[in-house]
Number of protein chains: 2
Amino acid sequence: MSATASQRPSYEAVGRTTPTRNRDRASYDRDLVHAILDEGYVCHLGFVRDGAPVVLPTLYARAGERLYVHGSTGSRPLRAAGDGTEAPGLAVCLTVTHVDGLVLARSAFHHSANYRSVVVHGEARQVTDPQERTAALDALVNHVLPGRAADCRPADARELAATAVLALDLVEVSAKVRSGPPVDEPEDLSLPHWAGVLPVRSTRGEPVPADDLAGTVAAPAYLTAPRRPGR
Amino acid sequence: MSATASQRPSYEAVGRTTPTRNRDRASYDRDLVHAILDEGYVCHLGFVRDGAPVVLPTLYARAGERLYVHGSTGSRPLRAAGDGTEAPGLAVCLTVTHVDGLVLARSAFHHSANYRSVVVHGEARQVTDPQERTAALDALVNHVLPGRAADCRPADARELAATAVLALDLVEVSAKVRSGPPVDEPEDLSLPHWAGVLPVRSTRGEPVPADDLAGTVAAPAYLTAPRRPGR
């Protein structure tokens, strides 16, 4: 990304990132998009195979204005993507969603969910540059727990050869957010049904050490540190 | 679904529900598939638009061997689907994923996530039968909180006309599950890096009543009841 583009506070709204409904929920704010992406563990990666859609959950990481996913070199979507120069990349849609609450309205029609999602359209390309591959794999480990990449054995040559990394630039991207209480019809407000929000959140439990973990290895601080804001 | 099919304990493995890797994680067990589906709030619905994949988060519900999603009649995927008789349905891939834990291995390569996911391929069709539409909308409300559909105002004619409902039969369906500790290379076991699982779970907070909720409306029991097993 150029410095100019990365300094703009918003992504550009284009045809396929402009919603046809609930437009008030759409946002192109760069910081909001980054925060939603950084908070997730798993994205849903969509691609087309034999003319039909496929949606698979997979780990991902953000590095600046680029997302990375990885997998076995034997996996179908990764094998289908070229490096974007000699062979074309793979058309993908990458979506990350957080459910924040269940919204109960007096009417069935106005039931909803509070959520934050990001949808990225684009062409994912195989990462072939060794330096970018290493940085991407570090980012994937650090995305889950910041600091972890420096505290594990890096991939060796055999493992690197077995790992495919795809990159997707944050260009065609939009966020969608619904928050707050239910919105009922005025004539429904006096109905005898409870209305409000049941919050939902993702929490972490106590770390469970592997059975074969040596007693001399203490739990690292990053394991129980609170996720940083926006993570 | 025929009675025979619904009595089989497993779905049939077909071409696109047979994974090319991590085959030991795949399952076609009907009860497992149902439990994963019933526990989720949001699915990721994939379809193809202008040759490119689109993945959108949306609420859903299961009724027996059929899934329902709904939305505005103005929404693009719903508008694109016929009723499967006069006009063809919409080719979709519907995926539900639960992240259960972050798996930290001694090696970067063996980092993973514990998760349970279900992927459904098929042709979604518009539900046009009034009775099935009503039942589907009830299922969508009850999916979030069992019992809620009977404790809110049902959709009126105008709301029904504005709501599109898609049905997707559970035929081409598979689950994928990873659980348990990290699997490290034997020669890595003595490395001085913590290894184990950091559990992740979705929890519900205290209900937040709407500001305009009359003081005479008590919080219903279903609001704070523990989700039933598999939900």
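As a starting point, this report considers the structure included with it. (Residues numbered from 1 in each chain as written. Chains lettered and ligands numbered in written order. Predicted model: local features only at pLDDT ≥ 70, side-chain atom pairs only at ≥ 80, totals over all residues. Heavy atoms only, no water.)

## Some points on the pairing of strand E9 (residues 196-204) of chain B
- Relative to E9 of chain B, strand E9 (residues 196-204) of chain A is paired through 5 bridges, and the arrangement is antiparallel. Bridging from a neighbouring strand, threonine 203 of chain A pairs with arginine 201 of chain B of E9 of chain B.
- Examined bridge by bridge, strand E5 (residues 90-104) of chain B and E9 of chain B share 4 bridges and lie antiparallel to one another. In the sheet register, leucine 104 of chain B faces E9 of chain B, and the bridge partner there is glycine 196 of chain B. (Pairing = 2+ DSSP bridges. Helix = DSSP H or I, 4+ residues; strand = E, 2+ residues; numbered from the N terminus.)

## Focus on the relation of the copies chain A and chain B
- Overlaying chain A with chain B gives an RMSD of 0.0 Å, the required rotation being 180° about an axis along which the chain moves by 0.0 Å. The transformation relating the two chain copies, once decomposed into turn and shift, fits a two-fold axis. Distance from the rotation axis, computed per C-alpha, reaches its smallest value in chain A at serine 202 of chain A: 2.2 Å.
- Of all interface residues in chain A, 99% are interface residues in chain B too; the two copies therefore contact each other through one and the same surface. (Least-squares fit on C-alpha atoms with pLDDT ≥ 70 in both. Contact = heavy atoms within 4.5 Å.)

## Notes on the pattern of salt bridges
- In the structure shown here, the tally under the stated rule is 29 salt bridges over all chains.
- Note that arginine 106 of chain B is salt-bridged to aspartate 212 of chain A, the shortest N-O span being 3.3 Å. You can see arginine 106 of chain B sitting in the loop between E5 and strand E6 (112-126) and its partner aspartate 212 of chain A sitting in the loop between strand E10 (208-209) and helix H6 (221-224), one on each of two chains.
- With its nearest N and O atoms 2.6 Å apart, the salt bridge here joins aspartate 169 of chain B to arginine 66 of chain B. (Salt bridge = Lys/Arg side-chain N within 4 Å of Asp/Glu carboxyl O.)

## Considerations on the pairing of strand E7 (residues 163-169) of chain A
Residues and elements named next belong to chain A.
- Counting buried positions along E7 gives 6 out of 7 residues, so the element sits mostly inside the fold.
- Where strand E4 (residues 66-72) lies against E7, 7 bridges are found, and the strand directions are antiparallel. From the neighbouring strand, serine 72 faces E7, where its bridge partner is threonine 163.
- Strand direction decides the pairing type here: strand E6 (residues 112-126) and E7, joined by 2 bridges, are antiparallel. Paired with arginine 125 across the bridge in E7 is alanine 167. (Buried < 20%, exposed > 50% of the residue type's maximum accessible area, 1.4 Å probe, protein only.)

## Focus on the packing of aromatic side chains
- Summed over all chains, the structure comprises 0 aromatic pairs over all chains.
- The side chain of arginine 30 of chain A reaches across the aromatic face of tyrosine 11 of chain A, ending 4.3 Å from its centre. (Phe/Tyr/Trp six-rings, centres within 6.5 Å; stacked < 30°, edge-to-face > 60°. Lys NZ or Arg CZ within 6 Å of the ring centre and 35° of its normal.)

## Quick word on the environment of leucine 90 of chain B
Residues and elements named next belong to chain B.
- Tracing the chain through its elements places leucine 90 in strand E5.
- What makes leucine 90 buried here is its relative accessible area of 9%.
- Separated by 35 residues in sequence, leucine 90 and arginine 125 have C-alpha atoms that sit 6.4 Å apart.
- Not counting the four nearest positions on each side in its chain, leucine 90 is found in contact with Phe47, Pro77, Ala80, Ala81, Gly122, Glu123 and Ala124.

## Examining helix H2 (residues 30-39) of chain B
- Within H2 of chain B the residues assigned to the buried category are Arg30, Val33, His34, Ile36, Leu37 and Asp38 of chain B.
- Among the residues of H2 of chain B, the N-terminal cap falls to aspartate 29 of chain B, whose side-chain oxygen and the backbone nitrogen of aspartate 31 of chain B are separated by 3.2 Å. (Polar contact = N/O pair within 3.5 Å; in protein donor to acceptor, adjacent residues only side chain to side chain.)

## Let's talk about the side chain of histidine 110 of chain A
All names here are of chain A.
- Within the secondary structure, histidine 110 sits in the loop between strand E5 (90-104) and E6.
- One polar contact links histidine 110 to glutamate 185, side chain to side chain, over a distance of 2.7 Å.
- Beyond its immediate sequence surroundings of up to four residues, histidine 110 is in contact with Ala105, Val183, Asp184 and Glu185.

## What about unusual backbone geometry?
- The phi angle at aspartate 50 of chain A is positive, at roughly 55°, despite the residue not being glycine.
- Mapped onto the elements of the fold, aspartate 50 of chain A is located in the loop between strand E2 (42-49) and strand E3 (52-63).

## Describing empty space enclosed by the protein
Residue and element names in this part refer to chain B.
- Applying the stated criterion across every chain, the model contains 1 cavity of 30 Å³ or more.
- Counted as a void, the largest cavity has a volume near 40 Å³.
- Forming the boundary of the largest cavity are Leu45, Leu67, Tyr68, Val69, Val92, Leu94, Ala124, Leu166, Ala167 and Leu168.
- When contributions to the lining of the largest cavity are tallied by element, the ones reaching two or more residues are strand E4 (66-72), E5 and strand E7 (163-169).
- When grouped by side-chain class, the residues that make up the lining of the largest cavity number 10 nonpolar, no polar and no charged. (1 Å grid on protein atoms, 1.4 Å probe; cavity = no way out; pocket = protein on both sides within 12 Å on 5 of 7 lines; lining within 4 Å. Points joined across faces, edges and corners; volume = space filled by probe spheres on them. Nonpolar A, V, L, I, M, F, W, Y, C, P; charged D, E, K, R; others polar.)

## Some words on the interface of chain A and chain B
- Listed by partner, the interface residues are 90 residues for chain A and 89 residues for chain B.
- Both sides together, the interface formed by chain A and chain B hides about 7100 Å², and carbon and sulfur atoms give 64% of it.
- Per-residue buried area on chain A facing chain B is highest for Pro53, Arg153 and Trp194 of chain A; these three make up 10% of the total on that side.
- In this assembly, chain A and chain B are joined by 5 salt bridges.
- Counting across the interface, chain A meets chain B through 29 residue pairs in polar contact (both at pLDDT 80 or more).
- No other element matches the 9 residues that E9 of chain A contributes to the side of chain A that touches chain B.
- A breakdown of the residues in the side of chain A that touches chain B according to their chemical character gives 51 nonpolar, 23 polar and 16 charged.
- Judged from the 2 bridges that link them, E9 of chain A and strand E10 (residues 208-209) of chain B form a sheet pairing that is antiparallel. (Buried area = accessible area lost by both parts, 1.4 Å probe.)

Limitation: the analysis is restricted to geometry and does not speak to function.
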